[in-house]
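# Chain and residue survey
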Amino acid sequence: MRPFLIAPSILSADFARLGSDVDAVLDAGADVVHFDVMDNHYVPNLTVGPMICQALRDYGITADIDVHLMVKPVDRIIPDFAKAGASIITFHPEASEHIDRSLQVIKESGCKAGLVFNPATPLHYLDHVMDKLDVILLMSVNPGFGGQSFIPSTLDKLRQVRQRIDESGFDIRLQVDGGVKVDNIADIAKAGADMFVAGSAIFNQPDYKAVIDDMRSELASVHEA
Ligand SMILES: O=C(CO)[C@H](O)[C@H](O)COP(=O)(O)O
Ligand SMILES: [Fe+2]
């Protein structure tokens, strides 16, 4: 049994006091810090880079930092994030010229590696790399912004990927990102996800613990993967 993991996305955190806000959400029961990197090129928004990841480590954050790269090109920034304390690095396959090489660069830098699929990105990118993946991330919104609505067709895509993971026998996390909330997290888990990114649903509420507790009670009704 793999425990369900809740990964708050710092995209909706208070950037003016990021360290204490991340501390607060971890104290409230979050498992992993989801760190959205946007380059105003692959996606139409601009966020944070390795310096901020390092600043969180220097501040004392010891939880896993899950770096979601929405950047093009991919490879040259990977070692910088690894040095800055990233634990997991995921990227969008269509943003990489050489997917296998990007995965290798991540592994060689000592991080776990994953591929991210936009709502309309086909799953064939999984065909020859299942043995190199620690995480598969399905976007349930188009990347670039927090606070969007969950795209329902993601549920069917999750079921397809869950089947591929189970048939492969590899130990791969199935992560979902975008529009995850208390009222849809159980259905998302039933479709096969075991790692849940939630930004606005957590950070836009005054009581992070109340939201995370509510998410966990919803998840308690679903068998873990
Ligand atoms: O990668 C992302 C957007 O590209 C974010 O992780 C995601 O949108 C989380 O925000 P929310 O939970 O508010 O939808
Ligand atoms: Fe993300």
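Residues numbered from 1 in each chain as written. Chains lettered and ligands numbered in written order. Predicted model: local features only at pLDDT ≥ 70, side-chain atom pairs only at ≥ 80, totals over all residues.

### Quick look at the overall build of the protein
Convention followed: Helix and strand definitions here come from DSSP, where helices need a minimum of 4 consecutive H or I residues and strands a minimum of 2 consecutive E residues; each element is numbered from the N-terminal end. Radius of gyration: C-alpha atoms only; globule rule: 2.2 Å multiplied by the number of residues to the exponent 0.38. With C-beta atoms placed from the backbone, a residue is labelled by how many other C-beta atoms lie within 10 Å of its own: buried for 20 or more, exposed for 12 or fewer, partly exposed between the two. Here, residues touch in the contact sense if the C-beta positions derived from the backbone fall within 7 Å of one another.
The helix and strand inventory of the protein stands at 8 helices and 8 strands. Here the protein has a C-alpha radius of gyration of 16 Å; the compact-globule value for 225 residues is 17 Å, and the two agree. In the protein, which comprises 225 residues, the proportion classed as buried is 42%. Counting only contacts in the protein whose residues sit at least 6 apart along the sequence, the fraction spanning at least 24 positions is 65%.

### With respect to the UniProt feature "binding site: substrate" (unreviewed entry) in the protein
Worth spelling out the cut-off: UniProt positions are given in the numbering used here, feature names are shortened, and annotations may be inferred rather than shown by experiment.
When the UniProt feature table is mapped to this numbering, "binding site: substrate" (unreviewed entry) covers Ser9, His68, Gly144, Phe145, Gly146, Gly147, Asp177, Gly178, Gly179, Gly199 and Ser200. Looking at the element boundaries, Gly144 is found in the loop between strand E6 (135-139) and helix H5 (154-168). For Gly144, the residues in contact, after removing those within four places along its chain, are Met38, Val43, Pro44 and Asn45.

### Comments concerning unusual backbone geometry
Each neighbour pair has its own omega, and for Lys72 with Pro73 the value is 0°, a cis peptide bond. With respect to the secondary-structure elements, Pro73 resides in the loop between strand E3 (64-70) and helix H3 (78-83). A positive phi angle is found at Asn40, which is not glycine, with a value near 55°. Inspection of the secondary structure puts Asn40 in the loop between strand E2 (32-38) and helix H2 (50-59). Residue Asn40 is classed as exposed on the basis of its 12 C-beta neighbours within 10 Å.

### Some details on the nonpolar core
Threshold: We define a nonpolar core as a collection of buried residues of the types Ala, Val, Leu, Ile, Met, Phe, Trp, Tyr and Cys that are connected via C-beta atoms lying within 7 Å of each other.
Judged by nonpolar contacts, the single largest core of 68 residues is most densely connected at Val67, Ala86, Ile89, Ile188, Ala193 and Phe196. No other element matches E2, which puts 5 residues into this core. Discounting residues that sit within four places of it in the chain, Ala193 has contacts with Leu158, Leu174, Gln175, Val176 and Ile188.

### Observations concerning the site of ligand 1
Rules: Placing a C-beta atom from the backbone of each residue, we mark the residue near a molecule or strand if the atom is within 6 Å of it. Note on residue categories: nonpolar means Ala, Val, Leu, Ile, Met, Phe, Trp, Tyr, Cys or Pro, charged means Asp, Glu, Lys or Arg, and polar means any other residue, Gly included.
Around ligand 1, the structure places 23 residues, and the nearest of them are Ser9, Pro143, Gly146, Gly199 and Ser200. Sorting the residues of the shell around ligand 1 by element identifies E2, E3, strand E8 (195-198) and helix H7 (200-203) as the ones contributing at least two each. Of the residues belonging to the shell around ligand 1, the class tally is 9 nonpolar, 12 polar and 2 charged.

### Remarks on the UniProt feature "binding site: a divalent metal cation" (unreviewed entry) in the protein
The UniProt feature table records "binding site: a divalent metal cation" (unreviewed entry) at His34, Asp36, His68 and Asp177. For the residues just named, distributed over 144 residues, the greatest C-alpha separation is only 10.6 Å, placing them together at one site. Note on placement: His34 falls in strand E2. Taking the number of C-beta atoms within 10 Å as the measure of exposure, His34 has 26 and is therefore buried. Relative to the elements of secondary structure, Asp177 occurs in strand E7 (residues 173-177). Overall, Asp177 belongs to the buried group, with 27 C-beta atoms counted inside 10 Å. Those residues in contact with Asp177, other than ones at most four positions away along the chain, are His68, Leu137, Met139, Ser140 and Val197.

### Some details on the sheet that holds E7
Threshold: We treat two strands as partners when DSSP finds at least two bridges between them. Every axis corresponds to a line fitted to the C-alpha atoms, with the helix fit spanning only the stretch in contact, and the corresponding angles, defined between N-to-C directions, vary from 0 to 180 degrees.
Spatially, the 8 strands line up as an open sheet ordered E1-E8-E7-E6-E5-E4-E3-E2, and their pairing is parallel. Of all strands in the sheet, those bounded by a partner on one side alone are strand E1 (5-8) and E2. Between one strand and the next, the sheet's axes are offset by a mean angle of 25°, whatever the strand orientation. Note that E7 and E8 share 3 bridges and pair parallel. The partner of Val176 across the bridge, within E8, is Phe196.

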